[in-house]
Amino acid sequence: MSLNRSEKEAVISEVTSLAAKAQTLVMAEYRGVTVADMDKLRVTARGNGVTLSVLKNSLARRAVAGSAFEVGADQMTGPLIYGFSEDAVAAAKVVAEFAKTNAKLVIRGGVYGGKVLDVEGVKQLASIPSKEVLLAQLCGLLMSPMSRTAVVLGALAAKKGEGAPAEVAPEAPAAPAAEEAPSA
C-alpha cells in the first residue's frame with residue numbers, strides 16, 4: 001500500500017524526532033520472520049526503551065538526513081527493521097538477543113556516535129553491560145576496600161581477644177550535614 005504525500009511527511013517527521021533523541025540505530029533484515037515473532041520482538045523492544053519501525057528505505061534516508069545517523073544511509077537497502085534507542089546499548093542488545101534465537105532476523109549494521117557499525121560492531125555494542133549493571137559494579141568496587149578493611153580489623157580484634165566478632169559489617173557513611181545558607 002502506497003502512502004500519499006502527507007502520510008510520507010508524517011512518517012519522516014516521526015522518524016526524524018526519534019533520530020534526534022536516539023544514541024543508537026540498529027538495522028536488521030526481517031525477511032522470513034513470522035508475524036508472531038515480530039510481535040514478540042516489538043514487545044521486548046518496547047520494554048527496553050527501543051522503538052522498532054519497518055520503513056521504506058527512501059523515507060528512512062530522508063528522515064536521518066542531517067543527523068548523526070546519516071552515515072548509515074548506505075546500509076539502508078532491502079527489507080529492514082530500524083531500531084532506535086536513547087540508551088546506547090539497548091537497541092543492539094534487543095536485536096542481537098532476538099537474532100540469536102531467530103536465524104531469519106539478520107543484523108545488517110548500525111550507527112552509534114556518528115560512526116557506522118558493521119555486524120560485529122553491533123554485536124560488540126550489545127555485549128556491553130547495561131548502565132544499571134555498570135553502576136552496580138562500580139558500587140561494588142567502591143565498597144570492596146571498606147569491606148576488606150572491616151573484616152581485617154574484626155579479625156585483628158578477635159585475635160587480640162577483645163571479643164569483637166570476626167566479621168564486622170561496614171556502616172554506611174553518614175550523610176553530610178546540609179550547610180546553612182548565609183542570611184541576607
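If you're wondering where the values come from, they're calculated on a predicted model, not measured in any experiment.

(A) Structural context of the sheet that holds strand 5 (residues 115–117). The strand order across the open sheet built from 5 strands is 2-3-1-4-5, with neighbouring strands paired in antiparallel fashion. Looking along the sheet, the strands with just one partner apiece sit at the ends: strand 2 (50–54) and strand 5. Here the average twist between neighbouring strands, direction ignored, is 20 degrees. Looking at chain direction, strand 1 (residues 24–29) and strand 3 (residues 80–85) are connected through 6 bridges and run antiparallel. Bridging across to strand 3, Ala-28 finds its partner in Ile-81.

(B) Broad picture of the pairing of strand 4 (residues 106–112). Of the pairings in the sheet, the one linking strand 1 to strand 4 comprises 6 bridges and is antiparallel in character. When the sheet's bridge partners are listed, Ala-28 is paired in strand 4 with Ile-107. Note: strand 4 against strand 5, 3 bridges, orientation antiparallel. In the sheet register, Val-111 faces strand 5, and the bridge partner there is Val-116. With antiparallel pairing between neighbouring strands as the criterion, strand 4 and strand 5 make up a hairpin whose turn holds 2 residues, including Gly-113 at a positive phi of roughly 60 degrees.

(C) Seen up close, the nonpolar core. One finds Leu-41, Val-50, Ile-81 and Leu-105 to be the most contacted residues of the largest nonpolar core, which totals 24 residues. Those elements that provide at least two residues to this core are strand 1, helix 2 (35–47), strand 2, helix 4 (90–101) and helix 5 (119–126). If one sorts the elements of this core by residue count, helix 4 sits on top with 8 residues. Grouped together as the second largest cluster of nonpolar side chains are 18 residues, Leu-59, Ala-63, Phe-69 and Leu-80 included.

(D) Here's a closer look at the packing of helix 1 (residues 5–21) against helix 3 (residues 57–64). As a packed pair, helix 1 and helix 3 sit with axes 8 Å apart at the nearest point and diverge in direction by 50 degrees. Overall, the two elements helix 1 and helix 3 adopt an arrangement that is oblique. With respect to the hand of their crossing, helix 1 and helix 3 are arranged in right-handed fashion. On the side of helix 1, the interface is formed by Lys-8, Val-11, Ile-12, Val-15, Thr-16 and Ala-19, while helix 3 contributes Leu-59, Arg-62, Ala-63 and Val-64. By residue class, the composition of the contact of helix 1 with helix 3 is 7 nonpolar, 1 polar and 2 charged.

(E) Focus on the side chain of Ser-85. Within the secondary structure, Ser-85 sits in strand 3. There is a polar contact of 2.7 Å between the side chain of Ser-85 and the backbone oxygen of Asp-87. Looking at Ser-85, its side chain comes within polar contact range of the main-chain nitrogen of Ala-91, at 3.2 Å. With residues near it in sequence (within four places) discarded, Ser-85 still touches Ala-22, Gln-23, Thr-24, Gly-49, Val-50, Ala-90 and Ala-91.

(F) Broad picture of the pattern of salt bridges. Evaluation of the coordinates by the stated rule reveals 4 salt bridges. Of the charged contacts in the structure, one is a salt bridge between Glu-29 and Arg-108, with a shortest N-O distance of 3.0 Å. Taken together, the positions of Glu-29 in strand 1 and Arg-108 in strand 4 put the pair 79 residues apart, joining distant regions of the chain. Judged by relative accessible area, which is 17%, Glu-29 ranks as buried. The exposure class of Arg-108 is partly exposed, given its relative accessible area of 27%. The salt bridge involving Lys-40 is made with Asp-37; its shortest N-O contact spans 3.9 Å. Placement of both Lys-40 and Asp-37 in helix 2 is noted, with a separation of 3 residues, approximately one turn of the helix.

Thresholds applied
Residues numbered from 1 in each chain as written. Predicted model: local features only at pLDDT ≥ 70, side-chain atom pairs only at ≥ 80, totals over all residues. Heavy atoms only, no water. Pairing = 2+ DSSP bridges. Helix = DSSP H or I, 4+ residues; strand = E, 2+ residues; numbered from the N terminus. Axes fitted to C-alpha atoms, helices over the stretch in contact; angles between N-to-C directions. Core = buried A, V, L, I, M, F, W, Y, C linked by side-chain atoms within 4.5 Å. Buried < 20%, exposed > 50% of the residue type's maximum accessible area, 1.4 Å probe, protein only. Parallel < 35°, antiparallel > 145°, perpendicular 65-115°, else oblique. Left-handed = near helix turned anticlockwise from the far one by under 90°. Contact = heavy atoms within 4.5 Å. Nonpolar A, V, L, I, M, F, W, Y, C, P; charged D, E, K, R; others polar. Polar contact = N/O pair within 3.5 Å; in protein donor to acceptor, adjacent residues only side chain to side chain. Salt bridge = Lys/Arg side-chain N within 4 Å of Asp/Glu carboxyl O.

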